[in-house]
Amino acid sequence: MIQGRWKLPILFRLFADPSLRSSQLMRDMPDISQKMLTQHLRELETDRLIERIDFEEKPLRVEYRLSEKGQKLMPLLFEARRFSASHPE
């Protein structure tokens, strides 16, 4: 569910800011391509870690946020990050 170079950065970014558009995610992660961002967002949505909110407006406006399942996962990810920082080898 969280494998892939960009899934963790996307999840941490959505944790920091509760609702973001894909253009904001692109600005925050300048090395990611539009294709990879779209692919990872779709996979995270399929796995129900994030939710896609379509405002059904013209021009198209879509935002992403962590789902309840994604929010429950975040404490584990923070602990894994803390563990890896204290064990660099």
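Just above, that's the structure.
Model, not experiment: these values are computed from the prediction. (Residues numbered from 1 in each chain as written. Predicted model: local features only at pLDDT ≥ 70, side-chain atom pairs only at ≥ 80, totals over all residues. Heavy atoms only, no water.)

Any chance you could break down the packing of helix α1 (residues 7–16) against helix α3 (residues 34–46) for me, citing the residues and the numbers?
Running from N to C, α1 and α3 point in directions that differ by 70°, and their axes come no closer than 10 Å. By the angle class used here, α1 and α3 are roughly perpendicular. Of the residues in α3, those in contact with K7, I10 and L11 of α1 are L37, H40, L41, E43 and L44. For the contact of α1 with α3, the residue count by class is five nonpolar, one polar and two charged. (Axes fitted to C-alpha atoms, helices over the stretch in contact; angles between N-to-C directions. Helix = DSSP H or I, 4+ residues; strand = E, 2+ residues; numbered from the N terminus. Parallel < 35°, antiparallel > 145°, perpendicular 65-115°, else oblique. Contact = heavy atoms within 4.5 Å. Nonpolar A, V, L, I, M, F, W, Y, C, P; charged D, E, K, R; others polar.)

Help me get a handle on the environment of I53, residues and values and all.
Structurally, I53 is set in strand β1 (residues 50–54). Sequence separation between I53 and R21 is 32 residues, and the spatial gap between their C-alpha atoms is 9.5 Å. Apart from the residues within four sequence positions on either side, I53 is in contact with R61, V62, E63 and R65.

Tell me about the packing of aromatic side chains, residues and numbers included.
What characterises a pair of aromatic rings is the spacing of the ring centres plus the angle enclosed by the ring planes. Evaluation of the coordinates by the stated rule reveals two aromatic pairs. Aromatic pair F12 and F78: ring centres 5.1 Å apart, planes at 70°, arrangement edge-to-face. Here the residue F12 occupies a position in helix α1, and F78 occupies one in helix α4 (residues 68–86), the gap between them amounting to 66 residues. On the accessibility criterion, F78 (24% relative accessible area) is partly exposed. Measuring from ring centre to ring centre gives 5.1 Å for F15 and F78, while their planes differ by 65°; the resulting arrangement is edge-to-face. Highlighted residues: F15 in helix α1 and F78 in helix α4, separated in sequence by 63 residues. Classification of F15 by relative accessible area gives partly exposed; the value is 43%. The rings of F12, F15 and F78 are connected pair by pair, giving a single aromatic cluster. One residue, R61, lies across the ring of F55, its end atom 3.7 Å from the ring centre. (Phe/Tyr/Trp six-rings, centres within 6.5 Å; stacked < 30°, edge-to-face > 60°. Buried < 20%, exposed > 50% of the residue type's maximum accessible area, 1.4 Å probe, protein only. Lys NZ or Arg CZ within 6 Å of the ring centre and 35° of its normal.)

Geometry only, nothing functional implied.
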